[in-house]
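Understanding the architecture of this molecule
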Amino acid sequence: MPEDRQLHESIIGLMNKMAGQLAMFLGKILPDLSEEWWAKNVVNNLSFQQKQRIERNRITSLEALDLAALLRVLDQNWYPISTRLDLTSESRHFVKEMQSVRNRWAHASADGISTEDTYRDLDTLQRFGSVINADEYLLQQIWSAKKDVISGGAQKTGREKGNAQPPSRMDDASGTE
């Protein structure tokens, strides 16, 4: 299924772009938390494997970290970051959900990911992007991908291609909500 592969690659690309946005977000806030922010707020908060990768590849910048490492850094520094930026507990949920989304796509089976989960993951990506003030163009790309997922799902189920709304409960066999 070439369409599914293309969609998968597109979503991976969007997540990579979000990693760049997250690196910029963290790069603005972490230096204000500590003079030794790289060691204290980044390296000390990474997993053993992530620390090994940093040492092996001599990584010295946030931009060189992958999305998993960047999400971990954000998660482990949540309290000082959220206090400084007045972020809500709802925003924290999007960070946690993004960790799950990243893992699901990084370890997707050959069967792929369901249309419903794909839409939900894109929605989480978009909401997370809003939390970290991601570039508006990237947020529009994610919105467009969400629309494409719905359109693709509509074609597979016989709905009109132009339908930009997620299926409602009205679509079940009983015809009632």
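Residues numbered from 1 in each chain as written. Predicted model: local features only at pLDDT ≥ 70, side-chain atom pairs only at ≥ 80, totals over all residues. Heavy atoms only, no water.

1. A closer look at helix α4 (residues 67-76)
Residues spaced three or four apart along an α-helix point in a common direction, a consequence of the helix completing one turn every 3.6 residues. Along α4, eight of the ten residues are buried, which leaves the element largely enclosed by surrounding structure. Within α4, burial applies to Leu-67, Ala-68, Ala-69, Leu-70, Leu-71, Val-73, Leu-74 and Asp-75. (Buried < 20%, exposed > 50% of the residue type's maximum accessible area, 1.4 Å probe, protein only. Helix = DSSP H or I, 4+ residues; strand = E, 2+ residues; numbered from the N terminus.)

2. Some remarks on the pattern of salt bridges
All chains considered together, the criterion is met by six salt bridges. Salt-bridge contacts for Asp-75 lead to Lys-96; the nearest nitrogen and oxygen are separated by 3.0 Å. One end of the pair, Asp-75, is in helix α4; the other, Lys-96, is in helix α6 (residues 89-106), with 21 residues separating them in the sequence. In this structure Lys-96 comes out as partly exposed when scored by relative accessible area, which is 36%. Between Asp-121 and Arg-104 there is a salt bridge whose closest N-O contact spans 2.8 Å. In this pair, Asp-121 is assigned in helix α7 (residues 115-131) and Arg-104 in helix α6, connecting sequence segments 17 residues apart. Given the relative accessible area of 34%, Arg-104 is considered partly exposed. If you follow the salt bridges from partner to partner, you end up with Asp-75, Arg-92 and Lys-96 in one network. (Salt bridge = Lys/Arg side-chain N within 4 Å of Asp/Glu carboxyl O.)

3. Digging into the packing of aromatic side chains
The way to describe two aromatic rings as a pair is by their centre distance and the angle between their planes. Per the stated rule, a full pass over the model turns up one aromatic pair. Considering the side-chain rings of Trp-37 and Trp-38, the 5.9 Å spacing of their centres and the 90° angle between planes classify their relative orientation as edge-to-face. In this structure Trp-38 comes out as buried when scored by relative accessible area, which is 19%. (Phe/Tyr/Trp six-rings, centres within 6.5 Å; stacked < 30°, edge-to-face > 60°.)

4. Digging into the packing of α6 against α7
The interhelical angle for the contact between α6 and α7, taken along N-to-C directions, is 135°, at an axis separation of 9 Å. It follows that α6 is oblique to α7 by the angle criterion. For the pair α6 and α7, the crossing hand works out as left-handed. Across from Ser-91, Phe-94, Val-95, Glu-97, Met-98, Val-101, Arg-104 and Trp-105 in α6, the residues of α7 making contact are Thr-118, Arg-120, Asp-121, Thr-124, Leu-125, Arg-127, Phe-128 and Val-131. In terms of residue class, the contact of α6 with α7 is made up of eight nonpolar, three polar and five charged. (Axes fitted to C-alpha atoms, helices over the stretch in contact; angles between N-to-C directions. Parallel < 35°, antiparallel > 145°, perpendicular 65-115°, else oblique. Left-handed = near helix turned anticlockwise from the far one by under 90°. Contact = heavy atoms within 4.5 Å. Nonpolar A, V, L, I, M, F, W, Y, C, P; charged D, E, K, R; others polar.)

5. Here we look at the packing of α4 against α6
Closest axis-to-axis distance for the α4/α6 pair is 10 Å, and the angle between their directions is 155°. Comparing their axes, α6 and α4 come out roughly antiparallel. Crossing of α4 over α6 shows left-handed handedness. Every residue of α6 that contacts α4 at Leu-67, Ala-68, Leu-71, Arg-72, Leu-74 and Asp-75 is listed here: Arg-92, Val-95, Lys-96, Met-98, Gln-99 and Arg-102.

6. Quick notes on the nonpolar core
Leu-22, Leu-26, Leu-62, Leu-65, Leu-74, Phe-128 and Ile-132 are the most contacted members of the largest nonpolar core, which totals 43 residues. Contributions of two or more residues to this core are made by α1 (2-33), α2 (37-42), α4, α5 (78-85), α6, α7 and α8 (136-157). Considering each element in turn, this core owes the most residues, eleven residues, to α1. Contacts of Leu-26, omitting those with residues within four sequence positions, involve Pro-31, Leu-62, Leu-70, Val-73, Leu-74 and Ile-81. (Core = buried A, V, L, I, M, F, W, Y, C linked by side-chain atoms within 4.5 Å.)

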